[in-house]
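# Remarks on the overall topology
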Amino acid sequence: MAMSKRRKTVLIIGGILVGLVLVVMLGIALLIMSVRDSQPDVDDNSVLVLKVEGVIPDYVNEDPFASRFFGAPSQSLTGLIGQLKKAKKDKRITAVLLDVDFVSMGWAKAEELREGIVDFKTSGKPIHAYMEYGADMEFYIAAACDKVYVAPVGDLFINGLAAEVMFFRGSLDKLGVFPDFYQIGKYKNAPDQFTRKEMSPEHREAMNSLLDEIFNRYVEQVARDRRKSPDEMRALIDNAPLSAKESQEAGLIDGAKYRDEVENELKKRLNYKEDDKLRLVKSSEYARVTAESLGINQGERIAVIYASGPIGSGQSNSGPFGEETIGSDTVSKAIKDASEDKSIKAIVLRVDSPGGTNYGSDIIWHAVEAAKRKKPVVASMSDVAASGGYYISTNASRIVAEPSTITGSIGIYAGKQVIKGFYDWIGISSEYLMRGKNAGMFRETEPFTDEERAKFQSMIKSAYYDEFLPKVAQGRGRDVGYIDSIAQGRVWSGGQAKERGLVDEFGGLERAVEVAKELAKIPREKDVRRVIFPAPRTFFQEIFGGGDDSGASLKTRQQRRAALSALPEDMRRALRYASYFEQVKRGEMMLMMPYEISVK
């Protein structure tokens, strides 16, 4: 049968469109390959400019195509330290300028970044820090550099540290919501946020101890950096805020200068001619210089697995409030895959988590236990590795943490929010038809009955005394009674945890990799290649989905972050806790930090 003219036209147009789509896709693929594979031109005697600002997570997939064309996040602690390591080795880079703005990260990450700065300084190359103005955290980072400059109109808000804890009981009372919770450990004060309006004596004791530990370390470090006594440093803090001029007179900074004047100082230091322009290399461009091209990140393979955020079941994901979440399926599979890969000599599990469900935590614990029989597994604690975050770390061959890491919190809690008062207030009524004596245990309109409460508490005690405590004791080679005595839900700093045998040694990810090398019997002088498990998602997976990660697309996550960033911080925090209610009311037991600690 002869084909009609109209059908021929449709087929021709369709073929042309398909061809155009294929050509566009091929062009995009070639563009991505060219961006990823091209090395930027770096002139001799160049200065690397590293911007340190905003939220700094442990790790992001630094896809050069996504960051260049779609503004994907490209800054992370791993990335910043990696840039410093490359600059230390690169003969074309003769100095680094750290451009410090307000940052959002914990004190352990700040310590780790300082260690990266100190390591760079061993090259003999100068590293200068510049701030328009800054607070304690920004100054803590900058003080590790050779020189610190602040804009003439700037100020140092080094007023000292404060810790904030938010309580919701007052709001719950107004809404007619009754929190019915049970916890094990006199310091496991997580339900206090819902059941109290102020700190308990144990809560206050733990917070003061932690605040003292972090503040004293901060004072000692910056006093040493700026060649002062701790007492002198404390006096300056008590007299803050300080203007740039006052800071210079006090010896806290090396000059009150504008950015161009700081660049002129570097020109003199690097022997530029007066009329020469300082050759600056942006961090985004230098990120395309591969470590391998400089002769580093080569050799035997060590797997690095990042576990960041609250712990739950299923896949790791970007959480509903902008934070990453740890999915037991994703992380346990990554650990299993790395353990079965014969080219991988050791595993480093990088933990930055306040904990989560006991179910998800235990699945990851089991994966570490199985992997440890095949090769060394080193836990590297970031800002927080507490409760469930400690649970998944405890069975590692070795645990490495910074002195300011927040860890411990070995305890458990569970319960439900009884919202009958709220329902009565808005005129909602409900009825339950049940089969089974405890079928209504988690109904939202009634507190636990005596029988339900006894069953519920028995379940929680079993999870703590039969699972959590023995596994910590096994992992740390200690008696269960001793672990129970230092557990009780108590939060410790990394320094306090090391004194009690909960941590083996101090250091960040770099030290954890060195420990993994030692345990894998790789010679100290040999370099190693770090391999991320699971493999970072490709650009197309980020846009269109697919792969092992079932998370939202890049565009969706960016829209979500933008919407949430517009909310006040306290509201974001309240919404986060509201999301935990959904897990708790299902009967999930929580191995979570006893409170959200914000020290700033």
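Presented here is an overview of the structure given in this document. In this text the structure is predicted, and so the values were computed from the model without any measurement.

## Digging into the pairing of strand β19 (residues 398-401)
Sheet topology places strand β18 (residues 377-386) next to β19; three bridges connect them, and they run parallel. Bridge pairing links S380 to V400 in β19.

## Side note on helix α4 (residues 107-121)
In this model α4 runs 21 Å from its N-terminal to its C-terminal C-alpha over 15 residues, within 8% of the 21 Å that 1.5 Å per residue would give. Within α4, 11 of the 15 residues are buried, leaving the element largely enclosed by the surrounding structure. Every buried residue of α4 is accounted for by W107, A108, K109, A110, E111, E112, L113, R114, G116, I117 and F120.

## Digging into the sheet that holds strand β3 (residues 127-131)
The parallel open sheet is built from six strands, whose spatial order is β10-β5-β3-β2-β1-β11. Sheet topology places β10 (255-256) and β11 (280-282) at the edges, where each strand pairs with a single neighbour. Bridge count between strand β1 (residues 46-55) and β11: three bridges; the pairing is parallel. Counterpart to V47 in the pairing with β11 is L280. With respect to the sheet, helix α11 (residues 259-269) is in contact with β1, β2 (93-104), β3, β5 (147-150) and β11, its orientation differing from that of β2 by roughly 155°.

## Some words on the sheet that holds strand β4 (residues 134-135)
One open sheet accounts for three strands, arranged β4-β6-β9; its pairing is mixed. Two strands close off the open sheet at either side, each with one partner strand: β4 and β9 (242-243). Alignment of strand β6 (residues 155-157) against β9, held across two bridges, turns out to be antiparallel. By the bridge assignment, D155 is partnered in β9 with S243.

## Quick notes on the pairing of β3
Every regular strand shows the same layout, with side chains that alternate between the two sheet faces. When you tally the buried positions in β3, you get five out of five residues, the bulk of the element. Residues I127, A129 and M131 point to one face of β3 and H128 and Y130 to the other, with burial holding for every one of them. Where β2 lies against β3, four bridges are found, and the strand directions are parallel. Residue pairing for β3: L98 is matched across the bridge by A129.

## Some thoughts on the packing of α4 against helix α8 (residues 201-225)
Interhelical geometry of α4 versus α8 gives an angle of 20° and a closest axis separation of 12 Å. Put simply, α4 runs roughly parallel to α8. The two elements α4 and α8 cross, and the hand of that crossing is left-handed. Together, W107, E111 and R114 of α4 and I214, R217, Y218, Q221, R224 and D225 of α8 make up the contact between the two elements. In the contact of α4 with α8, the residues fall into three nonpolar, one polar and five charged.

## What to know about the environment of D225
Along the chain, D225 falls in helix α8. D225 has contacts with R114, A143 and A144, leaving out every residue within four places of it along the chain. Only 2.7 Å separates the side chain of D225 from the side chain of R114, close enough to count as a polar contact.

## Details of the packing of aromatic side chains
All told, the structure shown has 16 aromatic pairs when counted by the stated rule. Clustering of aromatic rings is evident, with ring pairs tying together F168, F181, F194 and Y413. Directly above the ring of F506 sits K498, whose terminal nitrogen or CZ lies 5.4 Å from the centroid. The positively charged end of R500 is found above the aromatic ring belonging to W492, 4.0 Å away from the centroid.

## Here's the deal with the side chain of D99
Its location among the elements puts D99 in strand β2. Here R259 takes part through its side chain, which lies 2.7 Å from a polar atom of the side chain of D99. Beyond its immediate stretch of four places on either side in the chain, D99 contacts V49, L50, K51, V52, Y130 and R259.

## Section: the pattern of salt bridges
Enumeration according to the criterion identifies 35 salt bridges in this entry. Of the charged contacts in the structure, one is a salt bridge between K51 and D99, with a shortest N-O distance of 3.8 Å. Residue K51 is located in strand β1, and its partner D99 is located in strand β2; the two are separated by 48 residues in the primary sequence. For D99, a relative accessible area of 11% gives the class buried. In this structure, R490 engages E205 in a salt bridge whose closest nitrogen and oxygen atoms are separated by 3.4 Å. On the criterion of sequence distance, the pair formed by R490 in the loop between α18 (480-486) and β22 (491-493) and E205 in helix α8 is long-range, its members being 285 residues apart. Using a relative accessible area of 40% as the deciding quantity, one classes E205 as partly exposed. Residues participating in the shared-partner salt-bridge network are K51, D99, R259 and E263.

Conventions adopted
- Residues numbered from 1 in each chain as written.
- Predicted model: local features only at pLDDT ≥ 70, side-chain atom pairs only at ≥ 80, totals over all residues.
- Heavy atoms only, no water.
- Pairing = 2+ DSSP bridges.
- Helix = DSSP H or I, 4+ residues; strand = E, 2+ residues; numbered from the N terminus.
- Expected span 1.5 Å × (residues − 1).
- Buried < 20%, exposed > 50% of the residue type's maximum accessible area, 1.4 Å probe, protein only.
- Contact = heavy atoms within 4.5 Å.
- Axes fitted to C-alpha atoms, helices over the stretch in contact; angles between N-to-C directions.
- Parallel < 35°, antiparallel > 145°, perpendicular 65-115°, else oblique.
- Left-handed = near helix turned anticlockwise from the far one by under 90°.
- Nonpolar A, V, L, I, M, F, W, Y, C, P; charged D, E, K, R; others polar.
- Polar contact = N/O pair within 3.5 Å; in protein donor to acceptor, adjacent residues only side chain to side chain.
- Phe/Tyr/Trp six-rings, centres within 6.5 Å; stacked < 30°, edge-to-face > 60°.
- Lys NZ or Arg CZ within 6 Å of the ring centre and 35° of its normal.
- Salt bridge = Lys/Arg side-chain N within 4 Å of Asp/Glu carboxyl O.

From the geometry alone we can't say anything about function, so treat these as descriptive.
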